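# Structural overview
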Amino acid sequence: MFWQTSRYHIDLTRPKVMGIVNVTPDSFSDGGQHGATLSALRHCEQLIRDGADILDIGGESTRPGAPPVSLADELARVLPVLREAVRLGVPVSLDSYKPRVMQAALDLGVDIINDIWALRWREGGTAGHTLRATEVVAAHPRCGVCLMHMHRDPQTMQVAPMAGDVLSQVRDFLAQAAHDLQALGVGKSRIMLDPGIGFGKTVAQNFALLARQAELLETGYPVLAGWSRKSSLAGMVPHTAQPGTTLPVTERLAASLACALLAAERGASVLRVHDVKETAQALRVLEAIT
């Protein structure tokens, strides 16, 4: 299996590591650390040295309760970084749901659109024209796309999480979104699916998605797993230093690696992570026995 993107034909024979680059002041894990363009680019270069196969660059935090960012602010954050990142020799992904940010990024040569809204967003424009995210992606001849499942929106998703059988709901939503995109002329080889760990699900539901991940693969599309430093890990691992408190983000590496390996073992093609070097090393161990 492979993933067709703007410039790269990504071989998915072995799991690929997607390194997270948050050009934001408020992301849940590393907000503010790489807000400046130069700092973000140095981080990109370090992730590649650490073993990142793909860079995922975003300018808006989507943590639970995060406020939306204006189009102008997001463009100002991500475009200078993307303009240079596409020269680094690896596929570059844009983490955004706004059609006009997608279009600007693709015009720079970005390879992948990674969208938490699964291309459902639309924006008004000049002369009354509404630009749809599906329209932007469908108009591009080769770009890859990752469709993610999210219940509600970042402001409300954890206030009222999903109910019922999470796997069937996630699988059916993603399968339909992929089918609709193919109907617009987007080739199947361009599409990746993401179950959206932490996006409107309970801790138990998130782990059910991991346990039953193979059922998502029955859709016929490759799967991206994004467990890195998520709050569900804090709910499963005791904070031994301060009993009764939540495990802080900085202490979730071991749990993140465990979930990354379990996801890979269960067939995930891409692992979206903050800790690239450690994940790459762990994958080598898994590959040695498989």
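Here the structure is a predicted model, which means the values were calculated and not measured. (Residues numbered from 1 in each chain as written. Predicted model: local features only at pLDDT ≥ 70, side-chain atom pairs only at ≥ 80, totals over all residues. Heavy atoms only, no water.)

A few words on the overall build of the chain. Scanning the chain for helices and strands turns up ten helices and twelve strands. For the chain, whose C-alpha radius of gyration is 18 Å, the value lies close to the compact-globule estimate of 19 Å for 290 residues. Overall, the chain is about 60 × 40 × 40 Å in size when its C-alpha atoms are taken along their principal axes. Sequence separation of at least 24 residues holds for 70% of the intrachain contacts in the chain that already meet a minimum separation of 6. Summed over its atoms, the accessible surface of the chain is roughly 12,100 Å², and 55% of this surface lies on carbon and sulfur atoms. (Helix = DSSP H or I, 4+ residues; strand = E, 2+ residues; numbered from the N terminus. Rg over C-alpha atoms; globule rule 2.2 N^0.38 Å. Contact = heavy atoms within 4.5 Å. Areas by Shrake-Rupley, 256 points an atom, 1.4 Å probe, with all protein chains shown as cover.)

A word on helix α5 (residues 166–183). Residue pairs spaced three or four apart in an α-helix point in one direction, given the helix's 3.6 residues per turn. End to end, α5 covers 26 Å across 18 residues, agreeing with the expected 26 Å (1.5 Å per residue, within 8%). Listed in full, the buried residues belonging to α5 are Val166, Leu167, Ser168, Val170, Leu174, Ala177, Ala178 and Leu181. Close packing links the buried residues of α5 with α4 (133–139), β9 (144–148), β10 (191–194), α6 (203–211) and α7 (213–217). The N-cap residue of α5 is Asp165: its side-chain oxygen and the backbone nitrogen of Leu167 are 3.4 Å apart. Once α5 ends, the next one or two residues include Gly185, with phi positive near 105 degrees. (Expected span 1.5 Å × (residues − 1). Buried < 20%, exposed > 50% of the residue type's maximum accessible area, 1.4 Å probe, protein only. Polar contact = N/O pair within 3.5 Å; in protein donor to acceptor, adjacent residues only side chain to side chain.)

This part covers the confidence of the model for the chain. For the chain, the average pLDDT comes to 91, and 92% of its residues sit at 70 or higher. Ignoring residues within four places in sequence, the model shows residues 27–31, a span with pLDDT below 50, making 18 contacts including any to other chains. (pLDDT = per-residue confidence, 0-100.)

Looking now at the pattern of salt bridges. Counted according to the given criterion, the structure contains 13 salt bridges. Among the salt bridges present, the one from Arg272 reaches Asp95, with a minimum N-O distance of 3.1 Å. Taken together, the positions of Arg272 in strand β12 (residues 270–273) and Asp95 in strand β5 (residues 92–95) put the pair 177 residues apart, joining distant regions of the chain. Here Asp95 falls in the buried class, since its relative accessible area comes to 12%. Where Glu215 meets Arg171, a salt bridge forms, and the shortest distance between an N and an O atom there is 3.6 Å. (Salt bridge = Lys/Arg side-chain N within 4 Å of Asp/Glu carboxyl O.)

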